[in-house]
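Residue-level structure breakdown
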Amino acid sequence: MPELPEVETVRRGLLGAMEGAVIARAELRRADLRWPFPTDMAERLTGARVLALRRRSKYLLADLDRAETLIVHLGMSGRMTVSGLAAPHVPGKFHFDHPALEKHDHVIFHMESGARVTFNDPRRFGAMDLCATATQEGHKLLASIGPEPLGNAFDAIYLAAQLAGKRTPIKAALLDQRIVAGLGNIYVCEALHRAGIHPARAAHRIGAARVERLVHEIRATLTEAIAAGGSSLRDYRQADGALGYFQHGFKVYGREGQPCQQPDCTGAIRRIVQSGRSSFYCATCQR
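Remember, predicted model here, so these are calculated numbers, not experimental data.

In this section: the pairing of strand S9 (residues 269–274). Where S9 lies against strand S10 (residues 277–282), six bridges are found, and the strand directions are antiparallel. For isoleucine 272, the partnering residue across the bridge sits in S10 and is serine 279.

Following this line, the structure appears as structure tokens:
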């Protein structure tokens, strides 16, 4: 499932086609994804201008000039791609040059500029909803999400307070979206390795210095992943259809049995299963 860097990369790729632009026509090619679309969704989107395109955790948020916000979750296999070649020397204008629609192209945004934004989701674990912009923070999908890991509210003091008294493994704590938004299995494994923390260590046993280092490494890992366009392992693509390439820089994820890449480390990467998910770590670096 796409994590924060992948969703942020998609958001940035959609900006040129969607932010500030009018949805000339919204086309729904089925009645639902993970759950049914909201009532009259196509009509409520058609003719609306996208005032801002934001991200909250793993959700894309499109604020509309009708005081509503479109919430999009990519699920396991969802993609949002832009088609239509940008017209030369005419910012924000696109030629009508689109590929034929495919079987799993479920939602199409025909933009007034001529661009087309297509939501494709073979497994249909993605989701879309509309809510009042003024009350979006209380929406059932967003209400309990913790601070953004790249925002000012996420720091060592905050994280230490959240981990205090928690006897769950540190990896499970970091995957809890109520503690910190947007982190998933890949980037938690990578950040814990960089911080030298074993994924099974009890969260309340992480000392203050290690917590501070962990916050730094979480931020660094996510920043580098966004710069690399995210990680493409199975279904994920950027908005222009290109693959992300952060997976080529993985230090531990998916590298079971291979040498640790930390300088002067002679250890090898191991794998354990935690809550049904694979955790990768170096037993030498992460005691």
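Turning to the environment of aspartate 63, a few remarks are in order. Structurally, aspartate 63 can be placed in strand S3 (residues 59–64). A polar contact of 2.7 Å, which involves the side chain of aspartate 63, links it to the side chain of threonine 69.

This paragraph deals with the packing of helix H5 (residues 185–195) against helix H6 (residues 208–227). Interaxial distance between H5 and H6 falls to 8 Å at its minimum, and their mutual angle equals 130 degrees. As judged from the angle between their axes, H5 and H6 are oblique. Seen from above, H5 lies across H6 with right-handed handedness. Listed contacts from H6 to Tyr187, Glu190, Ala191, Leu192, Arg194 and Ala195 of H5 are Arg210, Arg213, Leu214, Glu217, Ile218, Ala220, Thr221, Leu222, Glu224 and Ala225.

For soluble globular proteins, nonpolar side chains are generally found buried alongside one another. Leu159, Ile170, Leu174, Leu214 and Ile218 are the most contacted members of the largest nonpolar core, which has 37 residues in total. Those elements giving two or more residues to this core turn out to be helix H3 (156–163), helix H4 (170–175), H5, H6 and S10. If we ignore the near neighbours within four places in the chain, the residues touching leucine 174 are Leu159, Val180, Leu183, Val188, Leu192, Leu214 and Ile218. Membership of the second largest hydrophobic core comes to 30 residues, among which are Ala26, Leu53, Leu70 and Leu74.

Another aspect to go through is the sheet that holds strand S2 (residues 50–56). Strand order in this open sheet of four strands is S2-S3-S4-S8, and the pairing throughout is antiparallel. Both edges of this open sheet fall to S2 and strand S8 (127–132), since each of them pairs with a single strand only. Across the sheet, the mean angle from the axis of one strand to that of its neighbour is 20 degrees, orientation sign disregarded. By the bridge criterion, six bridges tie S2 to S3 in an arrangement that is antiparallel. Bridge pairing links arginine 56 to tyrosine 59 in S3.

Conventions we followed
Residues numbered from 1 in each chain as written. Predicted model: local features only at pLDDT ≥ 70, side-chain atom pairs only at ≥ 80, totals over all residues. Heavy atoms only, no water. Pairing = 2+ DSSP bridges. Helix = DSSP H or I, 4+ residues; strand = E, 2+ residues; numbered from the N terminus. Polar contact = N/O pair within 3.5 Å; in protein donor to acceptor, adjacent residues only side chain to side chain. Axes fitted to C-alpha atoms, helices over the stretch in contact; angles between N-to-C directions. Parallel < 35°, antiparallel > 145°, perpendicular 65-115°, else oblique. Left-handed = near helix turned anticlockwise from the far one by under 90°. Contact = heavy atoms within 4.5 Å. Core = buried A, V, L, I, M, F, W, Y, C linked by side-chain atoms within 4.5 Å. Buried < 20%, exposed > 50% of the residue type's maximum accessible area, 1.4 Å probe, protein only.

From the geometry alone we can't say anything about function, so treat these as descriptive.
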